[in-house]
Amino acid sequence: MRRWRQLIIDTWGALAYKPAFQAAAEGRPTKLPGPTGASWVPETDRRRLAAYTVLAAYDSNQAAALLGEDGDDRREYGDASLIVDQTLSHLLGETQQIVVDGAEDSTTAQEREALLREWAQAEQLRMRMQHAERTAVLLGDTVYLLAWSRAKGRPVLKTIDPGFYFPVLPDGALDADEHPDRVHLAWEVPDDAATGRKGILRRVTYELGPLDDGGTRRTYPWSSEPSSVTCYLTDAEWDLDQIDQTGDLDALSLARARFRTNTDGELLNRLDLQLDFIPVIHVPNTINGAEHYGQSSLLSTAQLLDDLAAADTDSQRASATTGSPIIGLSGARLPVDRKTGQPLPVQVEPGMVWPLGDTGHLNTVDTSAQLAELRAYVETLRDRLSVVTRLPGSILGTVRPSEVPSGYALQLSFGPLDAMVRSMRLAREAKYPLLLKMVQRLYQLGGVLPPGDNPQATIAFGAYLPTDLSAALELVARGVQAGVLSLETGVRLLVDAGFPIEDASLEVERIQARASSAAPDRQDSDSAEEADNTTAA
């Protein structure tokens, strides 16, 4: 009797057709690796973790492994990885630059911008963003973690696998506007037979709560208003064989836990971090309604990628029969095994000659027509893939630039990509200013920055579409000369167009310095010309 599956419409519903995903989501035995069905994993997170594993399999050309024996010879040629990489490169643009509001006019803002850029270089922010944002594009989510380092004298930044991220959302609602007051980072460490170490579950918890000393209120350097809230850090581990007795992740018994210590020897059991915020930044890949989690750029293409892999496999099989055709022989003298008297297998090799009798025939099966049809079907699927992912064929490599009828037609083909990138950047519009706000507050906590309000800072992504640099330069030059564009705005436009300008404010200062130094030279030239005219008269 057929078992009817319950229809669940959520962020990861596009993968419900996969039996391995469905089994993991329902807590049944599955082929998916990882702790998807572990007892400590909250039931509301099983579908999310299962989806992360399936999507990672697509990225590493291992999605066929989820089909069991039917996928043993399935061909996967990296289409999923190409989609992720191309989406990532256009999302981030050519540059990623920290910009502080008012840096063009305020010395204080310029100094703050210089400090944040120095911090970004020390923490290799661009490299970490590449890693984190690729995870977001692939899985739908990524997570940053900040902490103050006394040894380095600056905030340190880490990227966290979203499969380790378990926020305790208010009332269990996945509301994107809500910031959780309790966040777990949890993962399993498998046992080691060589050392005899047992498998453990490690859980790092950040929690906002009232100060432990009763009614005392604390004034933080970034706020003039006293607060009774602080952030506590707990880092504990449990033996895996005891997890079933202690409950799920948020309800693990601390009586069975072993607490870790930090580099200063402090026990990480409700350690007061002297913060009134949780230094964890969750970045969704898309604007996904009111839900907390984002959507992977591969979700809508999963079945299409499966069909493309199947078509590539069929095409490869057909090419084998076309290159080495099936041959039928009659009336030929074939070699015989002297011991058994049975005909030996016939191998088709170049230069081989078969003697045929008077009524002998040689026939071949021509499969080239079927191969051509399969290749055409593959190209049809790739065109559909371009439409679904909103990546033009010129970006996926299915259309050569010489095949585009005109530059205007090429620009029109970028329309869906432009809309997608703008939407994805909008999903990050509040996240990176929040990250830089936390960085500034940690600098204040460490005594590097003075108390007080911090200026607004963000990370500006550069241009991602081909730009006519000469046309952009001419436009800015005319606008500044006519007085309808300020010099600062003109330089910003050049940065967006892709000119190699690392610091817009510094570039403005250089232009103004050259203009002021050139002014006396022009005056001297005018005076000399006037004197020559007087002498001639």
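Definitions and cut-offs
- Per chain, residues are indexed from 1 in the order of the written sequence.
- Only residues with pLDDT of at least 70 get local features here, since the model is predicted, and only at 80 or more are side-chain atom pairs given and counted; chain-wide, interface and lining totals rely on the full set of residues.
- As a convention, hydrogens and water are excluded, and side-chain values are obtained from all of the structure's heavy atoms.
- Put simply, DSSP H or I for four residues or longer makes a helix, DSSP E for two residues or longer makes a strand, and each gets a number counted from the N terminus.
- Exposure categories follow from relative accessible area, calculated using a 1.4 Å probe and restricted to protein chains: below 20% of the type maximum is buried, above 50% is exposed, and the middle band is partly exposed.
- It only takes one pair of heavy atoms within 4.5 Å for two residues to be counted as in contact.
- Where accessible areas are quoted, they stem from the Shrake-Rupley method and a 1.4 Å probe; at the residue level, only the protein chains shown are allowed to cover.
- Angles shown run from 0 to 180 degrees and are taken between the N-to-C directions of axes, each axis being a line fitted to C-alpha atoms and, for helices, limited to the stretch in contact.
- Should an angle fall under 35 degrees it is called roughly parallel, over 145 degrees roughly antiparallel, and 65 to 115 degrees roughly perpendicular, with every other angle called oblique.
- When residue character is reported, Ala, Val, Leu, Ile, Met, Phe, Trp, Tyr, Cys and Pro are called nonpolar, Asp, Glu, Lys and Arg charged, and the others, Gly included, polar.
- The span expected for a helix works out to 1.5 Å for each residue beyond the first.
- Space inside and on the surface of the protein is sampled on a 1 Å grid over the protein atoms alone, with a cavity defined as a set of points where a 1.4 Å probe fits but cannot get out and a pocket as an open set with protein on both sides within 12 Å along at least 5 of 7 lines; lining residues have an atom within 4 Å of a point.
- Grid points are joined across faces, edges and corners, and a volume is the space filled by probe spheres set on the points.

Draft legend 1. The arrangement of the overall build of the protein chain in detail. Within the protein chain one finds 15 helices and 13 strands. The 537 residues of the protein chain split such that 39% are buried. For the protein chain, long-range pairs separated by at least 24 residues make up 65% of all intrachain contacts whose partners lie at least 6 apart in sequence. About 29900 Å² of surface is accessible on the protein chain, with carbon and sulfur atoms providing 51% of the total.

Draft legend 2. Summary view of unusual backbone geometry. The residue Asn61 is not glycine, and still its phi comes out positive at about 60 degrees. By the element assignment, Asn61 lies in the loop between helix H2 (46–59) and helix H3 (79–92).

Draft legend 3. Layout of the packing of helix H4 (residues 107–122) against helix H12 (residues 431–445). Running from amino to carboxyl end, H4 crosses H12 at an angle of 100 degrees, the nearest separation of the two axes being 11 Å. In this view, H4 runs roughly perpendicular relative to H12, as classed from their interaxial angle. Taking contact as the criterion, the partners of Arg112, Leu115, Leu116 and Trp119 in H4 are, on H12, Leu435, Leu436, Val439, Gln440 and Tyr443. Looking at side-chain class alone, the contact of H4 with H12 contains 7 nonpolar, 1 polar and 1 charged residues.

Draft legend 4. Looking closely at helix H5 (residues 125–139). Across its 15 residues, H5 extends 20 Å between first and last C-alpha, which sits within 8% of the 21 Å expected from 1.5 Å per residue. Within the sequence span of H5, burial applies to Leu125, Met129, Ala132, Glu133, Thr135, Ala136, Val137, Leu138 and Leu139. Positive phi appears at Gly140, one or two residues downstream of H5, with a value of about 105 degrees.

Draft legend 5. Region of interest: H2. With 14 residues, H2 should reach 20 Å at 1.5 Å per residue; the first-to-last C-alpha distance of 20 Å fits that figure. Arg46, Arg47, Arg48, Leu49, Ala50, Ala51, Tyr52, Val54, Leu55, Ala57, Tyr58 and Asp59 are the residues of H2 that are buried. Trailing H2 by a residue or two, Asn61 shows a phi angle of about 60 degrees, which is positive.

Draft legend 6. Representation of the environment of His179 in the model. By the element assignment, His179 lies in the loop between strand E4 (165–167) and strand E5 (182–189). On the accessibility criterion, His179 (55% relative accessible area) is exposed. In the structure, His179 is positioned 11 residues away from Val168 in sequence and 9.5 Å away in space, judged by C-alpha atoms.

Draft legend 7. Quick peek at empty space enclosed by the protein. Per the stated rule, a full pass over the model turns up 2 cavities of 30 Å³ or more. Taken as a whole, the largest cavity encloses approximately 150 Å³ of empty space. Forming the boundary of the largest cavity are 17 residues, of which Tyr58, Arg75, Glu76, Leu305 and Ala309 lie nearest the centre. Only H3 and helix H7 (302–323) provide two or more residues apiece to the lining of the largest cavity. With 5 residues, H7 is the largest single contributor of residues to the lining of the largest cavity. Considered class by class, the residues forming the lining of the largest cavity number 9 nonpolar, 2 polar and 6 charged. Roughly 50 Å³ of volume is contained in the second largest cavity. Lining of the second largest cavity is provided by Asp79, Leu82, Ile83, Arg382, Leu385, Leu396 and Thr398. Listing elements by their share of the lining of the second largest cavity, those giving two or more residues are H3 and helix H8 (368–389). Looking at which element gives the most residues to the lining of the second largest cavity, the answer is H3, with 3 residues. Here the lining of the second largest cavity is composed, by residue class, of 4 nonpolar, 1 polar and 2 charged.

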